[in-house]
Amino acid sequence: MSHTLGIRQAQKQKTRQALLDAALGLLEEQSLSSLGLREVTRAVGVAPTAFYRHFRSTADLGVALVEEALGSLHPMIRTIVSSAGDSDQRIERAVGLIAGHVETHPAHVRFIARERHGGVQSVREAIQDQLARFAEEVKDALAKDPLSAGWDDEDLLMLAHLYVDQMLITASVFLDVLEAPEEERRRVAQAATRRMRLISIGREHWLKG
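What counts, and where the lines are drawn
- Residues numbered from 1 in each chain as written.
- Predicted model: local features only at pLDDT ≥ 70, side-chain atom pairs only at ≥ 80, totals over all residues.
- Heavy atoms only, no water.
- Salt bridge = Lys/Arg side-chain N within 4 Å of Asp/Glu carboxyl O.
- Helix = DSSP H or I, 4+ residues; strand = E, 2+ residues; numbered from the N terminus.
- Buried < 20%, exposed > 50% of the residue type's maximum accessible area, 1.4 Å probe, protein only.
- pLDDT = per-residue confidence, 0-100.
- Axes fitted to C-alpha atoms, helices over the stretch in contact; angles between N-to-C directions.
- Parallel < 35°, antiparallel > 145°, perpendicular 65-115°, else oblique.
- Left-handed = near helix turned anticlockwise from the far one by under 90°.
- Contact = heavy atoms within 4.5 Å.
- Phe/Tyr/Trp six-rings, centres within 6.5 Å; stacked < 30°, edge-to-face > 60°.
- Patch = residues over 30% accessible without salt bridge, like charges linked within 9 Å, V, L, I, M, F, W, Y side chains within 5 Å.
- Areas by Shrake-Rupley, 256 points an atom, 1.4 Å probe, with all protein chains shown as cover.
- Lys, Arg positive; Asp, Glu negative; His and termini not counted.
- Charge placed at Lys NZ, Arg CZ, Asp CG, Glu CD.

### Focus on the pattern of salt bridges
At step 1: By the definition in use, this model includes eleven salt bridges.
At step 2: Taking the shortest distance from any N to any O, the salt bridge between Arg90 and Asp145 comes out at 3.5 Å. With Arg90 in helix H6 (residues 87–104) and Asp145 in the loop between helix H8 (121–143) and helix H9 (153–176), this pair connects stretches of sequence that are 55 residues apart.
At step 3: Note on Arg90: relative accessible area 23%, which makes it partly exposed.
At step 4: Linking Glu182 and Arg185 is a salt bridge whose minimum nitrogen-to-oxygen distance equals 2.5 Å. Residue Glu182 and its partner Arg185 are located together in helix H10 (residues 182–205), separated by three residues, close to a single helical turn.

### Details of the confidence of the model for the protein chain
At step 1: Mean pLDDT over the protein chain stands at 90; residues scoring 70 or higher make up 95%.
At step 2: Looking over the protein chain, one finds the lowest element-wise mean pLDDT in helix H5 (residues 73–82), namely 73, and the highest in helix H2 (residues 37–44), namely 96.

### Some words on the packing of H6 against H10
At step 1: Their axes nearest at 10 Å, the elements H6 and H10 cross at an angle of 135°. Considered as vectors, H6 and H10 are oriented oblique to each other. The way H6 lies across H10 gives a crossing that is right-handed. Packed against H6, whose contacting residues are Ser87, Asp88, Ile91, Glu92, Val95 and Ile98, the element H10 presents Ala189, Ala192, Thr193, Met196, Arg197 and Ser200 at the interface.

### Some details on the packing of aromatic side chains
At step 1: In the structure shown here, the tally under the stated rule is three aromatic pairs.
At step 2: Ring geometry for Phe51 and Phe55: centres 5.7 Å apart, planes at 45°, overall tilted.
At step 3: A relative accessible area of 2% places Phe55 in the buried class.
At step 4: Through a chain of ring-to-ring contacts, three or more aromatic side chains come together here, namely Phe51, Tyr52 and Phe55.

### Digging into a nonpolar patch on the surface
At step 1: Taken together, Met158, Leu162, Trp206 and Leu207 make up a surface patch of nonpolar side chains, about 390 Å² in accessible area.
At step 2: Here Leu207 falls in the partly exposed class, since its relative accessible area comes to 48%.

### Digging into a negative patch on the surface
At step 1: On the surface, Asp140, Asp152, Asp153 and Glu154 cluster together to form a negatively charged patch.
At step 2: Along the polypeptide, Asp140 turns up in helix H8.
At step 3: Residue class for Asp140 comes out partly exposed when judged on its relative accessible area of 43%.

The structure is reproduced here in structure tokens:
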């Protein structure tokens, strides 16, 4: 009996993932607010009623996509903020990691970039919640840095949000040049590096102002 239940659970998870993958593919060309569940189920080859065994609505599916798309970023964020080396080395490493993530997960990055200010409130809120988590993780890492001596939590969180916002901007710009010549991608990386360095320079002088 338990073996049968295990097979059913695996099949259910497989169908759920297929719905997520199909939706992500369809969202390459449209926003979530215009996506119909029949489009998704047709792409998977299941009946529309099967959709409701996994998601309450397309908005609910969108929230699951947010968790999938941004959840995978937490290890990268931790790697960036815990990297050894001086500030310039860490920034260059961060830009490289972001570029690699965009190349590996372009559909996820495109989905977040579009839906962060899209028309589905629950998805916007889910994205903001995940970004707030990123900012808290970055803040906690920054607090351990000797450069943060004398900073209060409010200012550290403000700085963390600046870094997180810049990471998102960088990802979006890399997405725009995904198919561009290497020289263009290099220019984008250099510009992203300069912007992050500017934030770091401001950090070094914040308490002196």
